[in-house]
Amino acid sequence: MSLYSIIDIETTGGSARTDKITEIAIYITNGTNIVDKFVSLIDPECLIPYQITALTGITNQMVQGAPKFY
């Protein structure tokens, strides 16, 4: 049986150079069903812009105390 990973991240903006990750989700699928998953908010250690909160629904309060991504 083959397994595949689907990875999704949310960030504080569109620049890989200056913006930070706010959420990561990894889904493992066999092509038909999700067999495992990992989902976590990430503390970006900066403020999330209003327009990003409006787009993703992730607020500064939600990421307070979340793990950091290094």
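Reading guide: rules and limits
Residues numbered from 1 in each chain as written. Predicted model: local features only at pLDDT ≥ 70, side-chain atom pairs only at ≥ 80, totals over all residues. Heavy atoms only, no water. Helix = DSSP H or I, 4+ residues; strand = E, 2+ residues; numbered from the N terminus. Rg over C-alpha atoms; globule rule 2.2 N^0.38 Å. Buried < 20%, exposed > 50% of the residue type's maximum accessible area, 1.4 Å probe, protein only. Areas by Shrake-Rupley, 256 points an atom, 1.4 Å probe, with all protein chains shown as cover. Lys, Arg positive; Asp, Glu negative; His and termini not counted. Charge placed at Lys NZ, Arg CZ, Asp CG, Glu CD. Pairing = 2+ DSSP bridges. Axes fitted to C-alpha atoms, helices over the stretch in contact; angles between N-to-C directions. Polar contact = N/O pair within 3.5 Å; in protein donor to acceptor, adjacent residues only side chain to side chain. Contact = heavy atoms within 4.5 Å. 1 Å grid on protein atoms, 1.4 Å probe; cavity = no way out; pocket = protein on both sides within 12 Å on 5 of 7 lines; lining within 4 Å. Points joined across faces, edges and corners; volume = space filled by probe spheres on them. Nonpolar A, V, L, I, M, F, W, Y, C, P; charged D, E, K, R; others polar.

Comments concerning the overall build of the protein
For the protein, the helix and strand inventory stands at 2 helices and 3 strands. Tracing the protein from N to C terminus, the helices and strands come up as β-β-β-α-α. Expected size for 70 residues packed as a compact globule is a radius of gyration near 11 Å; at 14 Å, the protein overshoots this value by more than 25%. Its C-alpha atoms give the protein principal-axis dimensions of about 45 × 25 × 25 Å. Buried positions account for 21% of the 70 residues belonging to the protein. Carbon and sulfur atoms provide 55% of the accessible area of the protein, an area that totals close to 5,200 Å². Distance from the positive charge centre (4 side chains) to the negative charge centre (7 side chains) of the protein: 6 Å.

Focus on the sheet that holds strand S2 (residues 21-29)
With antiparallel pairing, the 3 strands of this open sheet are ordered in space as S1-S2-S3. Of all the strands in the sheet, the pair left with one neighbour each is strand S1 (4-11) and strand S3 (34-41). On average, adjacent strands in this sheet sit at an angle of 10 degrees to one another, irrespective of strand direction. The pairing of S2 with S3 spans 7 bridges and is antiparallel. Opposite Ile26, over in S3, you have Phe38 as the bridge partner.

So, the side chain of Thr12
Relative to the helices and strands, Thr12 resides in the loop between S1 and S2. Under the relative-accessibility criterion, Thr12 is labelled buried at 4%. A polar atom in the side chain of Thr12 sits 3.3 Å from the side chain of Asp19. Ignoring any residue separated from it by four or fewer positions in sequence, one finds Thr12 in contact with Asp19, Lys20, Thr22, Pro44, Cys46, Leu47, Ile48, Pro49 and Ile52.

Quick look at the layout of surface pockets
Estimates place the volume of the largest pocket at around 250 Å³. For the largest pocket, the lining is made up of 13 residues, of which Ala16, Asp19, Lys20, Ile21 and Phe69 are closest to its centre. Classifying every residue of the lining of the largest pocket gives 5 nonpolar, 4 polar and 4 charged.

Describing unusual backbone geometry
Of note, the phi angle at Glu45 is positive, near 60 degrees, even though the residue is not glycine. What makes Glu45 partly exposed here is its relative accessible area of 48%.

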